[in-house]
Amino acid sequence: MTKAAKIGFISLGCPKALVDSERILTKLRSEGYEVAPDYEGADMVVVNTCGFIDSAVEESLDSIGEALNKNGKVIVTGCLGARPDEILEKHPQVLEITGAHALEEVVSAVHKHLPPAHDPFTSLVPPEGIKLTPKHYAYLKISEGCNHRCSFCIIPSMRGDLVSRPVNSVLAEAKRLADAGVKELLVVSQDTSAYGLDLKYAEYDWQGKEIRTRFYDLAEALGELGIWVRMHYVYPYPHVDEVVPLMASGKILPYLDIPFQHANTRILKLMKRPAATENNLERIKAWRKICPDLVIRSTFIVGFPGETEAEFQELLDFLTEAQLDRVGCFAYSPVKGAAANELPDQIPEAIQQERLERFMAHQAGISAARLQQRVGQIEQVIIDEVVEEGAVARSMADAPEIDGQVFIDGATHLKVGDLVTVEIEEADDYDMWGRLYQS
Ligand code: SF4
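The structure presented is a predicted model; accordingly, all values stated were derived computationally and were not measured. (Residues numbered from 1 in each chain as written. Predicted model: local features only at pLDDT ≥ 70, side-chain atom pairs only at ≥ 80, totals over all residues. Heavy atoms only, no water.)

**Remarks on the overall build of the protein chain**
Where we set the bar: Each helix corresponds to a stretch of at least 4 residues labelled H or I by DSSP, and each strand to a stretch of at least 2 residues labelled E; elements are numbered beginning at the N terminus. Radius of gyration means the value over C-alpha atoms here, while the globule rule gives 2.2 Å times the residue count to the 0.38 power. Burial classes: relative accessible area under 20% of the type maximum marks a residue as buried, over 50% as exposed, and values in between as partly exposed (1.4 Å probe, protein chains only). Contacts: residue pairs with any heavy atoms within 4.5 Å of one another.
A tally of helices and strands in the protein chain yields 12 helices and 20 strands. Relative to its length of 439 residues, the protein chain is compact, with a C-alpha radius of gyration of 23 Å against a globular reference of 22 Å. Expressed as a percentage of the 439 residues in the protein chain, the buried residues total 54%. Restricting the contact set of the protein chain to residue pairs at least 6 apart, pairs at least 24 apart contribute 73%.

**A look at the packing of helix 10 (residues 280–290) against helix 11 (residues 309–322)**
Two numbers describe a pair of packed helices, the interaxial angle and the distance between the axes. Short version of the rule: With axes taken as lines fitted to C-alpha atoms, and helix axes fitted only over the stretch in contact, angles between N-to-C directions fall between 0 and 180 degrees. Under this scheme an angle from 65 to 115 degrees is roughly perpendicular, one under 35 degrees roughly parallel, and one over 145 degrees roughly antiparallel; angles in between are oblique. Each residue is assigned to one class: nonpolar for Ala, Val, Leu, Ile, Met, Phe, Trp, Tyr, Cys and Pro, charged for Asp, Glu, Lys and Arg, and polar for all the others, Gly among them.
Between helix 10 and helix 11, whose axes approach to 10 Å, the crossing angle comes to 10°. One element, helix 10, and the other, helix 11, form an angle in the roughly parallel class. Residues Asn280, Leu281, Ile284, Lys285 and Arg288 of helix 10 lie in contact with helix 11, whose contacting residues are Phe318, Glu321 and Ala322. Considering only residue class, the contact of helix 10 with helix 11 consists of 4 nonpolar, 1 polar and 3 charged.

**Let's talk about helix 2 (residues 54–70)**
Helical periodicity: at 3.6 residues per turn, an α-helix aligns residues three or four positions apart in one direction. Just so we agree on the cut-off: Expected span of a helix, by definition, is 1.5 Å for each gap between consecutive residues, and there is one gap fewer than residues.
The end-to-end C-alpha separation of helix 2 is 24 Å, in line with the 24 Å expected for 17 residues at 1.5 Å each. Among the residues of helix 2, those classed as buried are Ala56, Val57, Ser60, Leu61, Ser63, Ile64, Gly65, Ala67 and Leu68. Those residues of helix 2 that are buried are in contact with strand 1 (6–11), strand 3 (44–49), strand 4 (74–78) and helix 3 (84–90). A positive phi of about 105° marks Gly72, the residue just after helix 2.

**Things to note about the sheet that holds strand 4**
Formally: Here a strand pair is declared whenever DSSP counts at least two bridges between the two strands.
If you trace the 5 strands from one edge of the open sheet to the other, you get 2-1-3-4-5, paired in parallel fashion. Since the sheet does not close on itself, it has two edges, and those belong to strand 2 (34–36) and strand 5 (96–97), each with one partner. For strand 1 and strand 3, the ladder comprises 5 bridges, and the chain directions are parallel. Residue Phe9 lies in a different strand from strand 3, and its bridge partner there is Val46. Strand contacts of helix 1 (residues 15–30): strand 1, strand 2, strand 3 and strand 4, with the helix running at about 175° to strand 1, the strand carrying the most contacts. Each of strand 1, strand 3, strand 4 and strand 5 touches helix 4 (residues 103–113); the most contacted strand, strand 3, lies at about 160° to it.

**Focus: the packing of aromatic side chains**
Both the distance between ring centres and the angle between the ring planes are used here to describe each pair of aromatic rings. Counted only if it meets this: Stacked, edge-to-face and tilted labels apply to pairs of Phe, Tyr and Trp rings (six-membered ring for Trp) whose centres lie within 6.5 Å, assigned for plane angles under 30 degrees, over 60, and everything in between, in that order. By the criterion adopted, a ring carries a charge over it if an Arg CZ or a Lys NZ lies within 6 Å of its centre and within 35 degrees of its normal.
Throughout the structure, instances matching the rule amount to 7 aromatic pairs. Taken together, a centroid distance of 6.3 Å and an interplanar angle of 25° make the contact between Phe260 and Phe300 stacked. Of the two residues, Phe260 sits in the loop between strand 13 (255–257) and helix 9 (265–270) while Phe300 sits in strand 14 (residues 295–302), which places them 40 residues apart along the sequence. Given the relative accessible area of 0%, Phe300 is considered buried. Among the aromatic residues, ring-to-ring pairing joins Phe260, Phe300, Phe318 and Phe359 into one connected group. Positioned over the ring face of Tyr233 is Lys16, at 3.8 Å from the centre of the ring. Between the NZ or CZ atom of Arg230 and the centre of the ring of Tyr255, over which it lies, the distance is 4.5 Å.

**So, the packing of helix 1 against helix 4**
Where we set the bar: By definition, any crossing whose near helix is turned counterclockwise from its far helix by less than a right angle is left-handed, and any crossing with a clockwise turn is right-handed.
One way to put it is that helix 1 packs onto helix 4 with a least axis distance of 10 Å and a crossing angle of 45°. Of the possible angle classes, the one that applies to helix 1 and helix 4 is oblique. Relative to helix 4, the crossing made by helix 1 is right-handed. For the pair helix 1 and helix 4, the contacting residues are Arg23, Ile24, Lys27 and Leu28 in the first and Leu103, Glu104, Val106, Val107 and Val110 in the second. Each residue belonging to the contact of helix 1 with helix 4 can be placed in one class, and the counts come to 6 nonpolar, no polar and 3 charged.

**Notes on the site of the ligand**
Note the threshold: What makes a residue near a molecule or strand is one non-hydrogen atom of that residue sitting within 4 Å of it.
Around the ligand sit Cys146, His148, Cys150, Phe152, Cys153, Ile155, Pro156, Gln190, Tyr235 and Arg273, and that is every residue in its neighbourhood. Taken together, the residues that form the shell around the ligand break down as 7 nonpolar, 2 polar and 1 charged.

**Thoughts on the pairing of strand 6 (residues 137–141)**
When you tally the buried positions in strand 6, you get 5 out of 5 residues, the bulk of the element. Across 5 bridges, strand 6 lies against strand 9 (residues 184–188) in parallel orientation. Residue pairing across strands places Tyr139 opposite Leu186, the latter belonging to strand 9.

**Concerning the side chain of Ser164**
Convention followed: Here a polar contact means two N or O atoms within 3.5 Å. Within protein one must be a hydrogen donor candidate and the other an acceptor candidate, and residues neighboring in sequence count only if both atoms are side-chain atoms.
If you trace the backbone, Ser164 turns up in strand 8 (residues 163–164). Of the polar contacts made by the side chain of Ser164, one reaches the side chain of Asp198; its length is 2.6 Å. Those residues in contact with Ser164 that lie beyond four places of it in its chain are Ile142, Ser143, Tyr195, Gly196, Leu197, Asp198, Leu199 and Thr213.

**Observations concerning the pairing of strand 3**
Spelled out, the test is: Viewed with both strands pointing away, a crossover whose connecting path from the first strand over the helix to the second turns clockwise is right-handed.
Among the 6 residues in strand 3, 6 count as buried, and that is most of the element. Of the two faces of strand 3, both are covered, the one formed by Met44, Val46 and Asn48 as well as the one formed by Val45, Val47 and Thr49. Relative to strand 4, strand 3 runs parallel, the two being bridged by 5 bridges. Note that in strand 4 the partner of Asn48 across the bridge is Thr77. With respect to chirality, the unit in which strand 3 leads through helix 2 into the neighbouring parallel strand 4 is right-handed.

**Brief notes about the nonpolar core**
In plain terms, the rule: In these notes, a set of buried Ala, Val, Leu, Ile, Met, Phe, Trp, Tyr and Cys residues joined through side-chain atoms within 4.5 Å is what counts as a nonpolar core.
Formed by 54 residues in total, the largest nonpolar core has its most connected members in Phe300, Leu324 and Phe359. With near-sequence residues (within four places) excluded, Leu324 lies in contact with Phe260, Ile284, Arg288, Ile296, Ser298, Phe300, Phe318, Leu319, Gln363, Ile366, Ser367 and Arg370.

**Describing the environment of Pro236**
Mapping Pro236 onto the fold places it in the loop between strand 12 (228–231) and helix 8 (244–248). For the pair Pro236 and Pro134, spaced 102 residues apart in the sequence, the C-alpha separation amounts to 30 Å. With residues near it in sequence (within four places) discarded, Pro236 still touches Ile258, Phe260, Ala275, Glu278, Asn280, Arg283 and Trp287.

So yeah, pure geometry; function would need other evidence.
See the structure below:
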């Protein structure tokens, strides 16, 4: 039998890129390639790059350089692959470059430079594919690309317009994952609320029932799997209202990740944001009336070109009113090729930094107060890790990697992926502490 060829893999960027990496690895593994844990043991390295902001481009270029130094045979894919000149200028030795979600192209590039072994062990690939996340949670990518043209973003130029996966294919993947023991699905895309628009919400058969390729229908069907389902990258369109009752009834997690980016309508229009003119405060209030436990995470940009002090103040006032639970914030920075670079009145860095600090200080108080309100509550949590001191868990309000944690001191008998009930005893600005609760 021929010795299996070994591939090293570096996965950079967002969860959507991580799903691409998982698909490439699944395909390669099904063809008999092995995955090498280090550069030395690999016959070739694939680098899945990110090109979202300048620092991500730099990190991608550095990773390519490191792979070239330590291994020598490198194929580049991912978002930065849409700008091959930039890669070749710095690293002309790269063997092949493909763009984002170009599964077939990456795999044929690997075949070209490292043909698959003669006797692939197809049966070694588990039915749920190769996952880069821990066994108990997985990202579920429902679409590619985006129909919006936000002025600070170049993703549509790299990943193209919205292409949704038919709902039966998404549900089949979700079921395979649940059957394989995954306890939490994180639904990701560039614009989850637009899901199915490109397919005109086409209906497909799923387990004998016709289901539309649409945000609500997908959420409802995922809710039937009996595992945690968390929605990311949702825009506040009116039809999102329909999904909130599913959260209130416990079908899917009462969690919405909505990148608002700003609160002032003029700035939102300059940003060309989806749902720029929606009254978000009213919408949030209505959602909380239906689902009082709803947790909202968001991200914002401060110091966008032309942002006045009054408009920034409006953003702070919005935070006070909206009482969001988890918030990330960035100072605006130009991305090569983005339309916002041409906008007048770019804000000096010192003012951007000062606004970023004021924003973070303002929101820290709000987030901390919201966490304090949960002290004394009985909550279900999922175990992510067991360490010497106890178990590290997450509540329904916390997505992995980006939100907070719940520490359960002494609970070393628990296992990763267990769902347990705790009483929250303490909270700081980001994390909480609890003890196992017996009713
Ligand atoms: S919605 Fe805007 S920020 Fe998000 S991917 Fe589309 S263009 Fe970029």
